[in-house]
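These are the residues of each chain, in order.
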Amino acid sequence: MLSFRNINGIAITLLAVFVTIKLAYNALPWWIPGILGLLWLVITIIGSFHMRWDYHLKSLHNNKDVFENHVSLTFDDGPNPEFTSKVLTLLKKYNAHATFFCIGKHAKAYPEIVKEIIAHGHTIGNHTYSHSNWLGFFGTTKVLSELQKTNAIVLDITGKHLRLFRPAFGVTNPNIRKALQKTGLYSIGWSIRSFDTTMRSANTIRDNVLGKISKGDIVLFHDSSEKTMVVLERLLLFLKEQKLQSVTVDRLLQIKAYA
Ligand SMILES: [Zn+2]
């Protein structure tokens with residue numbers, strides 16, 4: 001399996017072999033460790049941005065073994081004063097349940113929306129406090145603080161101890177892995193990315209999700225985008241036609257959402 005640990009092990013072994021041969025026979029050129037180092041860097045950068053690789057840590061991306069016709073819709077980056085309530089109304093209309101990975105500072109700003117999410121029977125997860133663009137460069141202590149601050153805010157609002165976490169931007173690294181180990185949070189990924197915050201048109205997003213979704217999938221949306229609203233109702237109609245039910249991600253994965 002391609003993991004940070006394995007790649008480091010292979011890199012160190014190859015380096016040791018190179019040094020041994022170099023010292024014994026002075027035979028190999030110096031560009032060889034340079035190329036190896038570059039290869040290590042490229043693999044590690046790609047692995048850090050692709051949660052599906054489970055390169056730094058194990059995330060839960062779907063549950064294809066689920067017995068019932070269940071899928072799970074997830075919404076990141078809220079709560080949002082413009083869109084979250086609209087998402088809740090649509091989900092209610094189609095009797096669907098979902099998971100909202102909330103940014104801590106947004107939860108602090110809009111506690112009533114957080115309560116509304118819980119009141120509608122949906123699940124809340126942690127999506128860091130700041131959702132900083134620099135999160136991938138934060139040390140373990142700072143990442144830990146991001147997670148703990150968000151958990152404390154949601155605990156204060158709802159009385160619930162969050163156990164689910166979705167990495168901001170889907171970025172993982174050794175510091176995030178250590179912070180998750182300390183907090184005992186599950187890392188939740190996705191099997192279908194809607195690309196609803198990109199430049200793609202609503203029709204392209206809809207076709208992408210509808211063309212791929214099947215039992216056991218976890219779909220990534222954002223309750224912070226107008227395009228999501230356009231796509232969501234069409235998707236909920238499609239799920240109804242296909243007799244697929246959206247449930248909270250903890251139910252799909254059969255894990256506990258709260259401690
Ligand atoms: Zn996000």
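All residue numbers here refer to positions counted from 1 along the written sequence of the relevant chain. Side-chain atom pairs in this predicted model are given and counted only at pLDDT of 80 or more, local residue features only at pLDDT of at least 70, and totals for whole chains, interfaces and linings cover all residues. Hydrogens and waters are ignored; side-chain quantities use all the structure's heavy atoms.

Undergrad: I keep staring at the layout of surface pockets and nothing clicks. Help me out?
TA: One simple way to see leftover space: roll a probe sized like a water molecule over the atoms. Put simply, the largest pocket is a space of about 420 Å³. The way it works is a 1 Å grid over only the protein atoms, where trapped points that fit a 1.4 Å probe form a cavity and open points with protein on both sides within 12 Å along at least five of seven lines form a pocket, and then any residue with an atom within 4 Å of a point lines it. In this structure, the largest pocket is lined by 22 residues; those nearest its centre are Phe169, Gly170, Trp190, Arg193 and Leu220. Classes in brief: Ala, Val, Leu, Ile, Met, Phe, Trp, Tyr, Cys and Pro nonpolar; Asp, Glu, Lys and Arg charged; the others, Gly included, polar. By residue class, the composition of the lining of the largest pocket is 7 nonpolar, 9 polar and 6 charged. Grid points are joined across faces, edges and corners, and a volume is the space filled by probe spheres set on the points. Taken as a whole, the second largest pocket holds about 320 Å³ of empty space. The wall of the second largest pocket is formed by 18 residues, among which Ser48, Phe49, Gly136, Phe137 and Val171 lie closest to the centre. Here a strand is any run of E in DSSP of at least two residues, a helix any run of H or I of at least four, and the numbering for each starts at the N terminus. Element by element, the count of residues in the lining of the second largest pocket is highest for helix 2 (residues 31-49), at 5 residues. In terms of residue class, the lining of the second largest pocket is made up of 10 nonpolar, 8 polar and no charged. What counts as a domain boundary in this text is fixed by an automatic or database domain assignment. Looking at which domains feed residues into the lining of the second largest pocket, each of domain 1 (4-49) and domain 2 (70-253) gives three or more.

Undergrad: What am I meant to see in the packing of aromatic side chains here?
TA: The relation between two aromatic rings is expressed through the spacing of the ring centres and the mutual angle of the planes. Between the rings of Phe, Tyr and Trp (Trp by its six-membered ring), a pair exists once the centres lie within 6.5 Å; its type follows the angle of the planes, with under 30 degrees stacked, over 60 edge-to-face, and the other angles tilted. Within the structure shown, the criterion is met by 7 aromatic pairs. With a centroid separation of 6.3 Å and an interplanar angle of 45°, the aromatic rings of Phe4 and Trp40 are classed as tilted. Of this pair, Phe4 sits in helix 1 (residues 4-25) while Trp40 is found in helix 2, placing the two residues 36 residues apart along the sequence. Only protein chains enter the accessibility calculation, which uses a 1.4 Å probe; a residue whose area is less than 20% of its type maximum is buried, one above 50% is exposed, and one in between is partly exposed. On the accessibility criterion, Phe4 (19% relative accessible area) is buried. Considering the side-chain rings of Trp134 and Phe137, the 5.9 Å spacing of their centres and the 50° angle between planes classify their relative orientation as tilted. Feature note: the residues Phe4, Trp40, Trp53 and Tyr55 constitute an aromatic cluster, connected by ring pairs. Here, a charge over a ring means that NZ of Lys or CZ of Arg falls within 6 Å of the ring centre while also lying within 35 degrees of the ring normal. In this arrangement the basic side chain of Lys160 is found over the ring face of Tyr258, its NZ or CZ atom lying 4.9 Å from the centre.

Undergrad: Just to check I follow, could you spell out the nonpolar core for this structure?
TA: For soluble globular proteins, the rule of thumb is that nonpolar side chains tend to be buried together. Counting residues in hydrophobic clusters, the biggest one holds 53 residues, and the most contacted among them are Leu73, Phe75, Leu91, Phe100 and Leu236. The element that contributes the greatest number of residues to this core is helix 9 (residues 226-241), accounting for 7 residues. Contact between two residues is taken to exist if any of their heavy atoms lie within 4.5 Å; hydrogens are not considered. Sequence-distant contacts of Phe100, that is, excluding residues within four places in its chain, are made with Phe75, Thr84, Val87, Leu88, Leu91, Ile117, His122, Thr123, Ile124, Gly125 and Asp223. Buried residues of nine kinds, namely Ala, Val, Leu, Ile, Met, Phe, Trp, Tyr and Cys, make up a nonpolar core once their side-chain atoms join them within 4.5 Å. In this structure, Val143, Leu144, Phe165 and Leu180 belong to the second largest nonpolar core, which totals 12 residues.

Undergrad: Help me out: how do you make sense of the domain arrangement of the protein chain in this one?
TA: Reports of interface size often rely on the accessible area that becomes lost once the parts have come together. Assigned domains of the protein chain: these are domain 1 (4-49) and domain 2 (70-253). Every contact between the two is made by 5 residues of domain 1 and, on the other side, 5 residues of domain 2. Buried area: the sum, over both parts, of the accessible surface (1.4 Å probe) that disappears when the two are put together. Of the roughly 330 Å² buried where domain 1 meets domain 2, counting both sides, 50% is carbon and sulfur surface. On the domain 1 side of the interface with domain 2, the three residues burying the most area are Phe4, Ser48 and Phe49, jointly 83% of the side's total. Counted as a polar contact is a pair of N or O atoms within 3.5 Å, where, for protein atoms, one must be capable of donating a hydrogen and the other of accepting one, and residues adjacent in sequence contribute only when both atoms are in side chains. Along the contact surface separating domain 1 from domain 2 lie 1 residue pair in polar contact (both at pLDDT 80 or more). Secondary structure elements with two or more residues in the side of domain 1 that touches domain 2: helix 1 and helix 2. The element contributing the most residues to the side of domain 1 that touches domain 2 is helix 2, with 3 residues. Of the residues in the side of domain 1 that touches domain 2, the class split is 2 nonpolar, 2 polar and 1 charged.

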